[in-house]
Amino acid sequence: MHTGPKLTPEQLEENFSDINPPLTPSLALEAASRCLFCYDAPCIKACPTEINIPQFIRQIITNNLTGSARTILSANVLGHSCGRVCPTSVLCEGACVLNAEGKKPVEIGRLQRHAVDHVLDRGIQVLKAGAANGRRIALLGAGPASLACAAELRRLGYATVIFDAKPHPGGLNTYGIAAYKMRAADAVRETEMIRALGVEIRSEIAIGRDIPIDQLERDYDAIFIGIGLGETEDLGIEGERLAGCRDALSFIEETKTRSFDELPVGRRIAVIGGGNTAIDVATAARRLGAEEVYMIYRRSREEMSAFDYEYELAKADAVSFIWQAAPVRVIAGADAKVQALECIRTQLGPPDASGRRSPQPIPGSEFCLEVEMVVKALGQKKLEFLKSIAGLKLERGRVQVNAGTMQTANPKYFAGGDCVNGGGEVVDAVAHGKRAAQGIHATLESRQKGVAHA
């Protein structure tokens, strides 16, 4: 693969430095003092985990950082990562009343990180496990949904065991979020706080391969499914198996698990897709030293699913956007590696099954981009594993649940996170995990009372 100018380790570290660096104590006080402490705070309603934002900000002002962190983590045990990666502009900060006055909203995300960093840096454990109730819950996957569910269950006195196929817990927080937002070590550090609550995490264990699913059903009172989604969807075009064709998740994972100076990157790269993950790939490629990065999206800018702030980030990194175009085939060079990507222009036709206007190819509009690497970021495949669990109802590969309890059609199982919503934010997965823990508790309590009355 041809590579661009080799960046030094120092340049690479600078390129991947935190895009939202921590606040100093004085800046945190200044930022906190801008809060109006609304009585009916819209920021709380905009937070899927309903953190009492005015309260934790007031605690920062009174220099009670431990209390502030307790307020945050009691509502959202992954408040550390959410303070770094949440799309605050469309959630809490987007709802801040200062926006209506034409002012900058309170920096809720950075203030949240400031408080939680305080306790993590000092090893202060602000959450406590409840008295043991004799019940055991298994959780599949060590991503945000399972971690939140397990932590909430521990506070209710349950023994919890998380089974995960990866070497380190954290799910996409550890492996799938751009390194300039959060390093893998930060995500793992957060899981250690949850482990300290008494949550057992068994890594590198795949259910169905290492442990039969029926054994889990015998050994545990309930099972939570928080396994996310599968591999990146295929392009379905000629040449996508060539050397130089990558999928988005493995590309990002390498930036989280290897030294930046070890990562090969082409001088010219095409990223296929229009979501937040595609943006993460494109910006990471530029920061690794790619000279030209094209983002190719078959719809228009207005229909792009990536958040506005992500789009602005990519523009600032000089990513080139090619709207209303779709890949046709990957062209190999004499070395059997990627040499170019042939695309075709599209026009938006009638709405598809999702209600979005369906892109249609324009005959004769083909064009080629000279690239050495093609990265597909089209969303993730549904997991075949789910079909092995008796009684689960799936719709388009997603687990169907009771929205109030997160219980599946098989009453032994509960589920949350991406395997339910098809791909959401970390905070959405945490909200699912919390709700599932309460659903598990209510179900098992009701079952025990029924037995007692029998």
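Residues numbered from 1 in each chain as written. Predicted model: local features only at pLDDT ≥ 70, side-chain atom pairs only at ≥ 80, totals over all residues. Heavy atoms only, no water.

## A few points about the sheet that holds strand β16 (residues 413-415)
Then, number 1: Ordered by their spatial adjacency, five strands build an open sheet running β3-β2-β1-β4-β16, and the pairing between neighbours is parallel. Both outer strands of the open sheet, β3 (200-202) and β16, are each paired with one neighbouring strand and no more. On average, each strand axis in the sheet is tilted by 20 degrees relative to the strand beside it, whichever way the strands run.
Then, number 2: In the sheet, strand β2 (residues 159-163) pairs with β3 via three bridges, with the strands oriented parallel. The residue of β3 that forms the bridge with I162 is I201.
Then, number 3: Helix α9 (residues 144-155) contacts β1 (136-140), β2, β3 and β4 (222-225) of the sheet and is inclined by roughly 165 degrees relative to β2. (Pairing = 2+ DSSP bridges. Helix = DSSP H or I, 4+ residues; strand = E, 2+ residues; numbered from the N terminus. Axes fitted to C-alpha atoms, helices over the stretch in contact; angles between N-to-C directions. Contact = heavy atoms within 4.5 Å.)

## Focus on the pattern of salt bridges
Then, number 1: Within the structure shown, the criterion is met by 33 salt bridges.
Then, number 2: Note that K103 and E101 form a salt bridge whose closest N and O atoms lie 3.3 Å from each other.
Then, number 3: On the basis of relative accessible area, K103 is assigned to the partly exposed category, the value being 46%.
Then, number 4: Judged by relative accessible area, which is 47%, E101 ranks as partly exposed.
Then, number 5: Between R258 and E254 there is a salt bridge; the shortest N-O distance is 3.4 Å.
Then, number 6: The partly exposed category is assigned to R258, whose relative accessible area is 34%.
Then, number 7: Beyond isolated ion pairs, a larger network of salt bridges with shared partners links D18, R84, R113, D117, D121, D186 and R189. (Salt bridge = Lys/Arg side-chain N within 4 Å of Asp/Glu carboxyl O. Buried < 20%, exposed > 50% of the residue type's maximum accessible area, 1.4 Å probe, protein only.)

## So, helix α14 (residues 276-288)
Then, number 1: With 13 residues, α14 should cover 18 Å at 1.5 Å per step; its first-to-last C-alpha distance of 18 Å lies within 8% of that length.
Then, number 2: The element α14 is largely enclosed, with a buried count of eleven among its 13 residues.
Then, number 3: Trailing α14 by a residue or two, G289 shows a phi angle of about 120 degrees, which is positive. (Expected span 1.5 Å × (residues − 1).)

## Focus: the domain arrangement of the protein chain
Then, number 1: Each assigned domain of the protein chain is listed with its residue range as follows: domain 1 (20-122), domain 2 (136-230 + 382-453) and domain 3 (245-376).
Then, number 2: Domain 1 and domain 2 are separated by 27 Å when their C-alpha centres are compared.
Then, number 3: Roughly 1800 Å² is buried in total at the junction of domain 1 and domain 2, and carbon and sulfur atoms are behind 66% of that figure.
Then, number 4: If you sort the residues of domain 1 by the area they bury against domain 2, V77, L78 and V85 come out on top, with a joint share of 32%.
Then, number 5: Where domain 1 packs against domain 2, one counts three salt bridges.
Then, number 6: Between the two partners, domain 1 and domain 2, sit seven residue pairs in polar contact (both at pLDDT 80 or more).
Then, number 7: Among the secondary structure elements, those contributing two or more residues to the side of domain 1 that touches domain 2 are α5 (65-75), α6 (79-85) and α8 (108-122).
Then, number 8: For the side of domain 1 that touches domain 2, the leading source of residues is α6, giving six residues.
Then, number 9: Counted by class, the side of domain 1 that touches domain 2 contains eleven nonpolar, six polar and three charged residues. (Domains from an automatic or database assignment. Buried area = accessible area lost by both parts, 1.4 Å probe. Polar contact = N/O pair within 3.5 Å; in protein donor to acceptor, adjacent residues only side chain to side chain. Nonpolar A, V, L, I, M, F, W, Y, C, P; charged D, E, K, R; others polar.)

## Describing helix α4 (residues 53-61)
Every α-helical turn comprises 3.6 residues, leaving residues that sit three or four positions apart pointing alike.
Then, number 1: Within α4 the residues assigned to the buried category are I53, P54, F56, I57, Q59 and I60.
Then, number 2: Within two residues after α4, N63 carries a phi angle of roughly 65 degrees, on the positive side.

## Re the nonpolar core
Then, number 1: Grouped together as the largest cluster of nonpolar side chains are 88 residues, with contacts concentrated most on F56, L111, F163, L216 and I225.
Then, number 2: Of all the elements, helix α17 (residues 426-453) adds the most residues to this core, at eight residues.
Then, number 3: Both domain 1 (20-122) and domain 2 (136-230 + 382-453) contribute no fewer than three residues apiece to this core.
Then, number 4: Filtering out sequence-adjacent residues up to four positions away, F56 remains in contact with I51, S68, T71, I72, I108, L111 and Q112.
Then, number 5: Counting 34 residues, the second largest nonpolar core, distinct from the first, contains Y311, L313, A314 and M373. (Core = buried A, V, L, I, M, F, W, Y, C linked by side-chain atoms within 4.5 Å.)

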